[in-house]
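Summary of structural features
Each chain, written out:
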Amino acid sequence: MLTAVQTAKIALAQSAGGDELAFARIVREHQAMVFSIAYHFLRDRSRAEDLAQDVFLHLHKNLRAIQSPAHLVYWLRKVTGHRCIDEARRQRLRPSVSLTDYLEHAPEPAARFAAADPLLAGVLRRLIARLPERSRMIVILRFQEDMEPAEIAGMLDIPLGTVKSNLHRSLALLRGRLERERKGITR
Amino acid sequence: MREFEDELRSALHRQEPPAGFADRVLSRTRHNKGGPRHRSWVAAAIAAGLLLSLGGFEYRQYEGRKAKRELLLALEIAGSKLSIAQEKISHLSQRTIHE
């Protein structure tokens, strides 16, 4: 009986050898991770899908450089993270607002906000989307991917102290903004 | 603080991409594979076209040189025949004067 790691190793080796089905298995296994990093960062499903597709195409060209299943996850997170930040910076130079983007950023009606936790999650996602690019990526990697600050520092090529202080500031900012939104609604 | 972090985790849970995502990725990888091969065919066709036109040009040059050589030879033959005839005429006219 093969373990999950052994199966992943085999799929990786077969993909590098040109096996299309093995590559499809890799895509299906990691698509939620790649897409979600992009989606939580960009807040636009269509742009997130385009970016996630580009990441997997890039992986397809670089399969031989991937040494293990753990390296694959690290590689995918790193490439996705950097591409998201680049995309957001490019977008800042040519701002445009999609309908989903508009709906996500539109002010939440008081009744909807107070109703239930899924709505609180929506507000939190909207507040995260307002963070500066690097802080936003750090928060996503910490709370979506459960990565340790040291792993995030290595992945984004920044000092550990910067990640820790950034996380601390971002959390304080998010809590403060959430409190203001709550007060604004209950007032 | 812990509660707030859990709320963040819940807000940032992983989501599946739209249906057919993996198929779209695979279709793009197939398209990319065809890309370089297609480009190499185009390059080969352009190279063949260039070779053909260069060959045609060379052939026309060769034909021109051949025609020139043949014309020169014909002129040379005609010139030598003409000088023989001229010699014969002058010989005959000298004989007529002496007689």
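Residues numbered from 1 in each chain as written. Chains lettered and ligands numbered in written order. Predicted model: local features only at pLDDT ≥ 70, side-chain atom pairs only at ≥ 80, totals over all residues.

Here's the deal with the overall build of chain B
Selection rule: Counting from the N terminus, the helices are the DSSP runs of H or I reaching at least four residues and the strands are the DSSP runs of E reaching at least two. Labels follow a simple rule on C-beta atoms placed from the backbone: if 20 or more others lie within 10 Å of a residue's own, it is buried; if 12 or fewer, it is exposed; otherwise it is partly exposed.
A count of helices and strands for chain B gives two helices and zero strands. Within the span of chain B, comprising 99 residues, buried residues form 6% of the whole.

Here's the deal with the overall build of chain A
Going by this rule: Whether two residues are in contact is decided by their C-beta atoms, placed from the backbone, lying within 7 Å.
Helix and strand counts for chain A stand at 10 helices and zero strands. Secondary structure elements of chain A occur, N-terminal to C-terminal, as α-α-α-α-α-α-α-α-α-α. Across the 187 residues that make up chain A, the buried fraction comes to 32%. For chain A, restricting intrachain contacts to residue pairs at least 6 apart in sequence, the fraction spanning at least 24 positions comes to 64%.

Structural notes on the interface of chain A and chain B
Inclusion rule: Any residue outside Ala, Val, Leu, Ile, Met, Phe, Trp, Tyr, Cys, Pro, Asp, Glu, Lys and Arg is labelled polar, Gly included; the first ten of those are nonpolar and the last four are charged.
With 26 residues of chain A at the contact, the number on the chain B side is 21 residues. Among the elements of the structure, helix H2 (20-42), helix H3 (45-61), helix H7 (117-129) and helix H8 (133-143) of chain A are those that each provide at least two residues to the side of chain A that touches chain B. Tallied by class, the residues present in the side of chain A that touches chain B amount to 14 nonpolar, six polar and six charged.

What about unusual backbone geometry?
Residues and elements named next belong to chain A. The backbone of Asp146 sits at a positive phi, close to 55°, despite the residue not being glycine. On the neighbour-count criterion, Asp146 (10 C-beta atoms within 10 Å) is exposed. Backbone geometry places Asp157, a non-glycine residue, at a positive phi of 55°. With respect to the helices and strands, Asp157 occurs in the loop between helix H9 (149-156) and helix H10 (160-186).

Considering the nonpolar core
Filter applied, for reference: By definition, a nonpolar core groups buried Ala, Val, Leu, Ile, Met, Phe, Trp, Tyr and Cys residues that are joined through C-beta atoms within 7 Å.
One finds A:Ala38, A:Ala52 and A:Ile140 to be the most contacted residues of the largest nonpolar core, which totals 43 residues. Ranked by residues supplied to this core, first place goes to H2(A) with 10 residues. Excluding residues that lie within four positions of it along the chain, A:Ala52 makes contacts with A:Gln31, A:Val34, A:Phe35, A:Ala38 and B:Pro17.

Focus: the environment of A:Arg43
Residues and elements named next belong to chain A. Residue placement: Arg43 occurs in the loop between H2 and H3. A count of 21 C-beta atoms within 10 Å places Arg43 in the buried class. Expressed as a C-alpha distance, the spacing of Arg43 and Ile128, which sit 85 residues apart in the sequence, is 9.8 Å.

Here's the deal with the confidence of the model for chain A
The predicted structure's coordinates, where accompanied by low pLDDT, should not be read in detail. What counts, and what does not: The predictor attaches a confidence to each residue, called pLDDT, with possible values from 0 through 100.
Considering every residue of chain A, the mean pLDDT works out to 86; 84% of them sit at 70 or more. Across residues 105-116 of chain A, where pLDDT falls below 50, the model places nine contacts with residues more than four positions away in sequence or in other chains.

Section: the packing of H2(A) against H3(A)
Residues and elements named next belong to chain A. For clarity, the cut-off: Helix axes use the C-alpha atoms of the stretch in contact, all axes being lines fitted to C-alpha atoms, and the angles between their N-to-C directions lie in the range 0 to 180 degrees. Each angle receives one of four descriptions, namely roughly parallel if under 35 degrees, roughly antiparallel if over 145, roughly perpendicular if within 65 to 115, and oblique otherwise. Crossing handedness is defined as follows: a turn of the near helix away from the far one that is anticlockwise and smaller than a right angle gives a left-handed crossing, while the clockwise case is right-handed.
Running from amino to carboxyl end, H2 crosses H3 at an angle of 140°, the nearest separation of the two axes being 8 Å. When the axis of H2 is compared with that of H3, the two are oblique. Crossing of H2 over H3 shows right-handed handedness. Across the interface between the two elements, Phe23, Val27, Gln31, Val34, Phe35, Ala38, Tyr39 and Leu42 from H2 touch Arg45, Arg47, Ala48, Glu49, Leu51, Ala52, Val55, Phe56 and His60 from H3.

Regarding the packing of helix H1 (residues 4-16) of chain A against H2(A)
All names here are of chain A. At a minimum axis distance of 7 Å, the contact between H1 and H2 shows a crossing angle of 130°. Between H1 and H2, the interaxial angle falls into the category oblique. Taken as a pair, H1 and H2 cross one another with a handedness that is left-handed. Only Ala22, Phe23, Arg25 and Ile26 of H2 make contact with H1, whose side of the interface consists of Ala11, Leu12, Gln14 and Ser15. Split into classes, the residues belonging to the contact of H1 with H2 amount to five nonpolar, two polar and one charged.

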